[in-house]
Each structure stands twice: as structure tokens, then as C-alpha cells.
Amino acid sequence: MKSIRANGISQTEWVARRDVLKAGGFGALGLLLAVATTRGSFAQDATPSMANVKANLSSLKYGEFNPNYVSAWALTIARAQGYFEEVGLSDVEMILSEAYIPGLIGGSLHLAHGDTSSFLSAAEKSGTPIKIISILRHKEWWIMGVRKGIEKPEDLKGGKITGGSLDGRNTWIQKELVRKMGLDPEKDVEFVPSSGGSDNRMAALVNGIVDGASVFPRHKAGIEASGGRFLHEELVSAPQEGIGAMGDFLEKNEDTAYAWALAEIRARQWLFEPANKAEAYDIIRKYGFEVPPEFEAQYQVELDQLSPDGGFDSAEAMDTFLAQLAETGEVEAGVDWRKHIEMKYVWAAQEALGLPKRPTSI
């Protein structure tokens, strides 16, 4: 596992995302299964009083797969504001690593932030009791950026569009957007692959290499400066990222899981308060994350994707999201996600903080 401690992100080396989930071999994960902890049913103890809940552990190792400051924002605020200390977690270490699934199974990580699809696929393929205990990003931006000269959907006819890999979700979304615009993604445009991330796709767009591309809200200013625009911009319900843990860890450390949920969701509620915007950016910068000033204009746009309470819209929203992922092979069709999601920690924290229960049930 290639990782660094939480206070900075610039030196991190990355393992290719989802490598451990590829069919045929299962990568490093397969090596860990032999020493993985045995499966077991969850303890059915009553929820502790959240008014005075205390973690049974004082230190906790948290895996983070995304170096973007938004992913670590709530965690960092909980550390900076002392919310973790108040529930007995005096040392929360964030470890940046793409290998968060092996880290959980092997025990070097206690909790980890990752893709919902990665947690579900790993749980299904490995047979280990991986549990999602909170949702971090519950919505998703569907955006198509276009180069200078593209003013309306018809201008894309005969053009090239990229979403990165041809079999990935970003390309699938771009095809859906083409359909929404009244065009045929198989006949009216050509989908081309591109390497690297969304910044590379934006560069290809700005330089006229492609006519349309999958981009994110932070790219809007750069695209518009080049004469391009967002041709389509839509926020959809998609519980795409969560926080996971192993079942045996939760059985032995339920007080820690409840305490974690309370402190971390309390930090999210603080982050979502507009009056805290300037301090929120000061905190994340003090912890070593780089935030270009122009990104501050995207404050609300970024928050719109984050779950403010650890929950997601509904069971139906999860069903729809996973059905979409099944079309690109990121999860198996009909996966029984309820076996791998445990919302009781989030629900207890929501109640303690006076928030509505979300989702109301799974």
C-alpha cells in the first residue's frame, strides 16, 4: 500500500483505481483472503446513548482514496474542531491510498472512503463481510463540456466526445446525455478514449482535440475562458461513494463506529453552514491541502454532491444507481446491496443531531 499521512497530498504515489476489482485474479486482494478475518453475524446490542457515546478505541486509521480536498473536508473539520476528541478518538490518522480494500481486509485500516461499487464488488467477489456504514457523495454531476464553436446539440453531429475509458461510467453518462439532447450516441457522434483524468479531458477540449467531454464543475471557468461552455449540466441522485469497514471490526468496536458517525456527521453539518465557508477553507489549507482561489467559487457546487448527513435519498435511488453501474460491469446485475450496507450508525447520529432519518429504510 503506497500512502502518506494525512497532512499533505503532493507526494502520494497511486495504485491504479479499481485494480483490485478487475476480473481474473483479483490482484492483491486475492493474496489477503487467506488471512482475512472470518465472517460473523453482527451484534444486536441496543444503540448506546448518543448523548454521551465514547469510542472504545482512542486511535483510528482511515483510508482515503481521493486526494481532492472535498473528499477529506468533513474528516479534517472533525479533527480541527475537536469533534473526534469529544467522543474519545484522540488520534485519527488519514492514510492516502488506492489500496483501501486490501487495507480493510488485512487490518491496516479500520475505516475507509471509497467507491460504493468498489465496496460492493469486493464484498461479493471475496465473500468477506465488508460493510458500507455511511455515504459520502450521494449525488453526481452529469456534465458535458464542449469546445468553442459548439452552441447547440446539433453542432456535435460528426464530432468526437470522450469520457475517458470507453467502458467506464463517464462514457456511459456522456452517451446518456447525447440521448437526452435528441442525438444517437452510436450514429451521430464518435466516442474516443482518453488517458488520465478529467483535467486531461478538459485540456483536450480546450485544445480542440475533441468536441465534447466529461468534465466536472471546477472546469467551468477554464472551458468558458477558452470560448467553450457546458452544454448540459445536471445533478442526479447517485450514492456513489461511501465509508466502509469490516464486519468483525464493527462487531468488536461498535461504540467506536457510533462515535465516529456522530463526530463526522456533526462536521458535515458544520461544513454545510454558509457562515462557515471562509473558516472551512482556512482549515483545509492548514492541513496541507491545495485549494486554488478559483475553486472557492465552486463551494456550493461541491457541497451539492456531498451527503450532509451520511445518508442517501432512498432505496429506489440506490437500485437505480446500481442498475446503471451494472450496464458498465462495475457491479453484477441484481447485486443485493442491502447485505453490505449497515445504516444504524448513521441513523443513530442523525437522530442525536435532530436530523430526519435518511433514507427512511433500506
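Residues numbered from 1 in each chain as written. Predicted model: local features only at pLDDT ≥ 70, side-chain atom pairs only at ≥ 80, totals over all residues. Heavy atoms only, no water.

1. Concerning the sheet that holds strand S2 (residues 91-96)
In spatial order, the strands read S2-S1-S3-S8-S4-S7-S5-S6; together these 8 strands make up an open sheet with mixed pairing. What marks the edges here is a single partner per strand, and that holds for S2 and strand S6 (190-191). For strand S1 (residues 59-64) and strand S3 (residues 111-115), the ladder comprises 3 bridges, and the chain directions are parallel. Residue Glu64 lies in a different strand from S3, and its bridge partner there is His113. Sitting on the sheet, helix H7 (residues 198-206) touches strand S4 (130-146), strand S5 (160-162) and strand S7 (212-214), and the angle it makes with S7 is about 170°. (Pairing = 2+ DSSP bridges. Helix = DSSP H or I, 4+ residues; strand = E, 2+ residues; numbered from the N terminus. Contact = heavy atoms within 4.5 Å. Axes fitted to C-alpha atoms, helices over the stretch in contact; angles between N-to-C directions.)

2. As for the confidence of the model for the protein
Mean pLDDT over the protein: 88, with 87% of residues reaching 70 or higher. Across residues 1-45, where pLDDT falls below 50, the model places 92 contacts with residues more than four positions away in sequence or in other chains. (pLDDT = per-residue confidence, 0-100.)

3. Details of the side chain of Glu330
Position of Glu330 relative to the elements: it lies in the loop between helix H13 (315-327) and helix H14 (344-352). Using a relative accessible area of 17% as the deciding quantity, one classes Glu330 as buried. A distance of 3.2 Å separates polar atoms of two side chains, one belonging to Glu330 and the other to Thr328. (Buried < 20%, exposed > 50% of the residue type's maximum accessible area, 1.4 Å probe, protein only. Polar contact = N/O pair within 3.5 Å; in protein donor to acceptor, adjacent residues only side chain to side chain.)

4. Quick notes on the environment of Lys131
With respect to the helices, strands and loops of the structure, Lys131 is situated in strand S4. Judged by its relative accessible area of 11%, Lys131 is buried. Linking Lys131 and Phe119, residues 12 residues apart in sequence, is a C-alpha distance of 7.6 Å.

5. Looking at unusual backbone geometry
Glycine aside, residues mostly have negative phi, and peptide bonds are mostly found in the trans state. For the bond running from Arg358 to Pro359, omega is -10°, close enough to zero to count as cis. Following the sequence through the fold, Pro359 ends up in the segment after H14.

6. Notes on the pattern of salt bridges
For the coordinates displayed, the defined rule picks out 19 salt bridges. Linking Lys61 and Glu93 is a salt bridge whose minimum nitrogen-to-oxygen distance equals 2.8 Å. You can see Lys61 sitting in strand S1 and its partner Glu93 sitting in strand S2, a full 32 residues away along the chain. Classification of Lys61 as partly exposed rests on a relative accessible area of 33%. Residues joined in a network through salt bridges with shared partners are Lys139, Asp309, Asp313 and Arg358. (Salt bridge = Lys/Arg side-chain N within 4 Å of Asp/Glu carboxyl O.)

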